[in-house]
Amino acid sequence: MRIKILVLKEWSELFRIKMVVFSCLFMPLFMGGFAGYMVWQGRALPLEAQAALFNAALLYFLILPVMIPVTLGVYSVVGEKEQGTLEPLLATPLSDLELFLGKSLVAVIPSVFLTWVVFALFLLAATLMIPGGIPMGILSLPWLLSIFVLSPLLALFAALVAMIISSRSTDSRAAYQFAGLAVVPALIPLIVYSARLTAVDLKFVAIEGAALLALNAGLLYLGIKIFQREE
């Protein structure tokens, strides 16, 4: 219940800032539109080439849940430091675990929601653009698991990285830049795999998912340890 109250409070404050709303909406629409354009350009190509384009488009929908939480997660602590509103929050009965989880969910939930909505719009557009609809076999189980399983884990990873950096920073601009660089390692396996122009498989999803689960658990533990609430 306390985490829910914190999340609702953070959303009510964050989404009053026009730049935050613009940042959250622009990138999903831009990447979704670009992915749709790629598929439209290859609508008359053979099935193998279309499958390669869909595989490349998948990367865009796995970048989104990493990029959006950086904007929301970094602001969650360093922004409150700058505005002087962090101290009253730390005086509440919220534990460090509840604080970190709550503020992480503030960034994760909108990121995953926007990713899934834009992905659904992309599928609808692709169905309308490709003669005969999306060919059978392209939307495989591993493909869909990448969107619906890996994207929340990637979003949580990015949010926790942003939270840790934000909690140890005093300048929001520096925190944004550093957090943006810090989440790049999570995308390297996706970029390498996408460059192979082959469809993702269950082995890749399982390995990436297990790695992200371990990283997220470690980051949550690390974040709570270095938070230093008293400071």
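Residues numbered from 1 in each chain as written. Predicted model: local features only at pLDDT ≥ 70, side-chain atom pairs only at ≥ 80, totals over all residues. Heavy atoms only, no water.

Let us now look at the nonpolar core. The biggest cluster of nonpolar side chains holds 41 residues, and the ones touching the most others in it are Phe 54, Phe 61, Phe 100, Phe 119, Phe 122, Trp 143 and Ile 147. At the level of secondary structure, the elements contributing two or more residues to this core comprise helix 2 (18-41), helix 3 (47-83), helix 5 (96-129), helix 6 (141-167) and helix 9 (202-226). Ranked by residues supplied to this core, first place goes to helix 6 with twelve residues. Each residue touching Phe 61, except ones within four places of it in the same chain, is listed here: Gly 32, Ala 35, Thr 115, Val 118, Phe 119, Phe 122 and Ile 147. Counting residues in each nonpolar core, the second largest holds nine residues, with Cys 24, Val 112, Ala 155 and Ala 159 among its members. (Core = buried A, V, L, I, M, F, W, Y, C linked by side-chain atoms within 4.5 Å. Buried < 20%, exposed > 50% of the residue type's maximum accessible area, 1.4 Å probe, protein only. Helix = DSSP H or I, 4+ residues; strand = E, 2+ residues; numbered from the N terminus. Contact = heavy atoms within 4.5 Å.)

A cluster of nonpolar residues, Phe 113, Val 117, Leu 121, Leu 124 and Leu 128, forms a patch on the protein surface that exposes about 520 Å² of accessible area. Residue placement: Phe 113 occurs in helix 5. For Phe 113, a relative accessible area of 54% gives the class exposed. (Patch = residues over 30% accessible without salt bridge, like charges linked within 9 Å, V, L, I, M, F, W, Y side chains within 5 Å. Areas by Shrake-Rupley, 256 points an atom, 1.4 Å probe, with all protein chains shown as cover. Salt bridge = Lys/Arg side-chain N within 4 Å of Asp/Glu carboxyl O.)

Looking at where Ile 165 falls in the secondary structure, it is placed in helix 6. Residue Ile 165 is classed as buried on the basis of its relative accessible area, which comes to 10%.

This paragraph deals with helix 6. The terminal C-alpha atoms of helix 6 lie 38 Å apart, and with 27 residues this matches the ideal 39 Å at 1.5 Å per residue to within 8%. Within helix 6, the axis deviates most sharply at Leu 150, by approximately 40°, and proline Pro 152 lies no more than four positions further along. Of all the 27 residues making up helix 6, 20 are buried; the element is thus mostly covered by neighbouring parts of the structure. (Expected span 1.5 Å × (residues − 1). Bend = angle between axes of the 7 residues up to and from the residue.)

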